[in-house]
Amino acid sequence: MAKTKELSKDTRNKIVDLHQAGKTESAIGKQLGLKKSTVGAIIRKWKTYKTTDNLPRSGAPRKISPRGVKMITRTVSKNPRTTRGDLVNDLQRAGTKVTKPTISNTLRHQGLKSCSARRVPLLKPVHVQARLKFAREHLDDPEEYWENVIWSDETKIYLFGKNSTRRVWRTKNAELHPKNTTPTVKHGGGNIMLWGCFSAKGPGRLIRVKERMNGAMYREILSENLLPSARALKMKHGWVFQHDNEPKHTARATKEWLRKKHFKVLEWPSQSPDLNPIENLWRELKVRVAQQQPQSITALEEICMEEWAKIPATVCENLVKTYRKRLTSVIANKGYITKY
């Protein structure tokens, strides 16, 4: 049925004036060209509310009662991986029949939305404590200390990106709470593997690792690329080398090699990608490479090298300059993974 046009305020007031003048509803309707029922509705409103203005409208009644809203909000707060189907079934057992979109709308009004669970390293209590210890011990280190660090890591870059997501219900800025993340084990596969390093002065060397990396290969990479990077970046005397705690990094032979070369190594907490600013450079590199849309492994490698070299030194400088914020975030998040 087509929606009827709303009467103007003047017309509604005229109906009331004619009614007060003693005219019947039928006579008013004929004079103004309106239905008797319309005239009657205007007169009844005026008699009841002493106005012909539109009154506030409450809208359609809520399909889920306040108690039901509390129930489903409590459910997803305890288990963010609860699906809409699960909630529909819970409410149906409680005597309320709703659809999945209604669930989404209701939770959205409670400040919750369905999001993809972030993939983060699996943290055990020992990891959490080590991260807190590192953050507290280095919290008051001057900015100059971090400027004299060479940060390093490996990463894998896909020729064609892959994604596997899991959705969770969460509030704003809660994407990194352990309940809202999907733990991962490092290095899940890809097409080329890279080793790179950088400091506050800019990107260091970037190389492709063509074979499965072991301790011997890692030491060879450091031998051929670490010191040349330090020289190119004009690191000050006493510069510090950072790498994570992968077995090939912490192997006895690697530690001995670093000791003989008189390299200072930053003691590092395991499972802490958020504390390594090179992760932000990897993200920068991957965005730049994806924009180039390489169609072969050879092209992928070439573009990676080209785009790495193009990353401005100011980007590197800013990542290091704000390092203290990473430490305060880890402390504020009680040792758990933070946004980076």
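Residues numbered from 1 in each chain as written. Predicted model: local features only at pLDDT ≥ 70, side-chain atom pairs only at ≥ 80, totals over all residues. Heavy atoms only, no water.

Peer 1: I'm lost on the UniProt feature "domain: Transposase Tc1-like" (unreviewed entry) in the protein chain in this one. Help?
Peer 2: The UniProt record annotates "domain: Transposase Tc1-like" (unreviewed entry) at residues 71-140. Structurally, residues 71-140 is divided into 60% helix and 11% strand, and its ends, taken at the C-alpha atoms, are 45 Å apart. (UniProt positions renumbered as here; feature names shortened; annotations may be inferred. Helix = DSSP H or I, 4+ residues; strand = E, 2+ residues; numbered from the N terminus.)

Peer 1: For this particular structure, what's the right way to read the pattern of salt bridges?
Peer 2: Opposite charge on two side chains permits them to pair, given that their charged atoms come into close proximity. Enumeration according to the criterion identifies 14 salt bridges in this entry. We note a salt bridge from D140 to R324, for which the minimum N-O separation is 3.9 Å. One end of the pair, D140, is in the loop between helix 7 (125-138) and helix 8 (143-147); the other, R324, is in helix 15 (residues 323-332), and 184 residues separate them in sequence. For D140, a relative accessible area of 65% puts it in the exposed group. On the basis of relative accessibility, which here comes to 43%, the residue R324 falls in the partly exposed class. R259 is paired through a salt bridge with E256; the nearest N and O atoms lie 2.4 Å apart. (Salt bridge = Lys/Arg side-chain N within 4 Å of Asp/Glu carboxyl O. Buried < 20%, exposed > 50% of the residue type's maximum accessible area, 1.4 Å probe, protein only.)

Peer 1: How should the packing of helix 4 (residues 66-78) against helix 6 (residues 100-109) be read in this particular structure?
Peer 2: Two packed helices can be described by the angle between their axes and the distance between those axes. Where helix 4 contacts helix 6, the axes come no closer than 10 Å and their chain directions differ by 80°. Judged by the angle between their axes, helix 4 and helix 6 are roughly perpendicular. Contacts between helix 4 and helix 6 pair V69, I72, T73 and V76 from the former with I103, T106 and L107 from the latter. Here the residues of the contact of helix 4 with helix 6 are counted per class, giving five nonpolar, two polar and no charged. (Axes fitted to C-alpha atoms, helices over the stretch in contact; angles between N-to-C directions. Parallel < 35°, antiparallel > 145°, perpendicular 65-115°, else oblique. Contact = heavy atoms within 4.5 Å. Nonpolar A, V, L, I, M, F, W, Y, C, P; charged D, E, K, R; others polar.)

Peer 1: I would appreciate a short explanation of the side chain of E307 in the present structure.
Peer 2: Looking at where E307 falls in the secondary structure, it is placed in helix 13 (residues 297-310). With relative accessibility at 5%, the residue E307 sits in the buried group. There is a polar contact of 3.4 Å between the side chain of E307 and the side chain of R288. (Polar contact = N/O pair within 3.5 Å; in protein donor to acceptor, adjacent residues only side chain to side chain.)

Peer 1: Which parts of the structure should I look at to understand the environment of V69?
Peer 2: On the secondary structure map, V69 appears in helix 4. For V69, a relative accessible area of 14% puts it in the buried group. Between the C-alpha atoms of V69 and L107, which are 38 residues apart in sequence, the distance is 7.9 Å. The contact partners of V69, leaving out residues within four places of it in the chain, are I64, T106 and Q110.

Peer 1: Help me understand the nonpolar core, please; the structure alone is not making it clear to me.
Peer 2: Considering soluble globular proteins, one finds that nonpolar side chains tend to be buried as a cluster. By size, the foremost hydrophobic cluster in this structure holds 33 residues, and its most contacted members are W146 and W151. Elements with a minimum of two residues in this core: helix 7, strand 3 (149-157), strand 6 (192-199), helix 12 (278-292), helix 13, helix 14 (313-321) and helix 15. Per element, the largest residue contribution to this core is five residues, and it comes from helix 12. (Core = buried A, V, L, I, M, F, W, Y, C linked by side-chain atoms within 4.5 Å.)

Peer 1: I keep staring at the sheet that holds strand 9 (residues 264-265) and nothing clicks. Help me out?
Peer 2: By definition, the strands of a sheet pair up through backbone hydrogen bonds, in either a parallel or an antiparallel sense. As summarised here, the arrangement of the five strands in space is 7-6-3-8-9, forming an open sheet in which the pairing is mixed. If you trace the sheet from one side to the other, it starts and ends with strand 7 (202-209) and strand 9, each paired once. Relative to strand 7, strand 6 runs antiparallel, the two being bridged by six bridges. Considered in strand 7, the bridge of F198 is made with P203. Along the sheet, helix 12 contacts strand 3, strand 6 and strand 7; its crossing angle with strand 3, the most-contacted strand, is approximately 45°. (Pairing = 2+ DSSP bridges.)

Peer 1: Looking at this model, I keep getting lost on the pairing of strand 3. Mind explaining?
Peer 2: It is a general feature of regular strands that their side chains alternate between the two faces of the sheet. Of all the nine residues making up strand 3, eight are buried; the element is thus mostly covered by neighbouring parts of the structure. With three bridges joining them, strand 3 and strand 8 (residues 240-242) adopt parallel strand pairing. Within strand 8, the position partnered with I150 by the bridge is F241.

Peer 1: I tried to follow the packing of aromatic side chains on my own but got confused; where do I start?
Peer 2: Here the distance between the centres and the angle between the planes together describe a pair of aromatic rings. Applying the stated rule across the entire model yields nine aromatic pairs. When the ring of W151 is compared with that of Y323, the centres are 5.0 Å apart and the planes differ by 40°; the resulting orientation is tilted. Taken together, the residues W151 in strand 3 and Y323 in helix 15 connect sequence positions 172 residues apart. Of the two residues, W151 and Y323, neither departs from the other in class, the shared state being buried. Ring geometry for W257 against F263: centres 5.9 Å apart, planes inclined by 50°, an arrangement best described as tilted. Summarising the burial analysis for this pair, W257 and F263 share the class buried. Here K50 stacks its cationic end above the ring of W46, 5.2 Å away from the centre of that ring. (Phe/Tyr/Trp six-rings, centres within 6.5 Å; stacked < 30°, edge-to-face > 60°. Lys NZ or Arg CZ within 6 Å of the ring centre and 35° of its normal.)

Peer 1: Just checking my understanding: could you explain a positive patch on the surface for this structure?
Peer 2: Where like charges cluster on the molecular surface, the positive patch consists of R67, K70, R74 and K78. Its location among the elements puts K70 in helix 4. On the basis of relative accessible area, K70 is assigned to the exposed category, the value being 59%. (Patch = residues over 30% accessible without salt bridge, like charges linked within 9 Å, V, L, I, M, F, W, Y side chains within 5 Å. Areas by Shrake-Rupley, 256 points an atom, 1.4 Å probe, with all protein chains shown as cover. Lys, Arg positive; Asp, Glu negative; His and termini not counted. Charge placed at Lys NZ, Arg CZ, Asp CG, Glu CD.)

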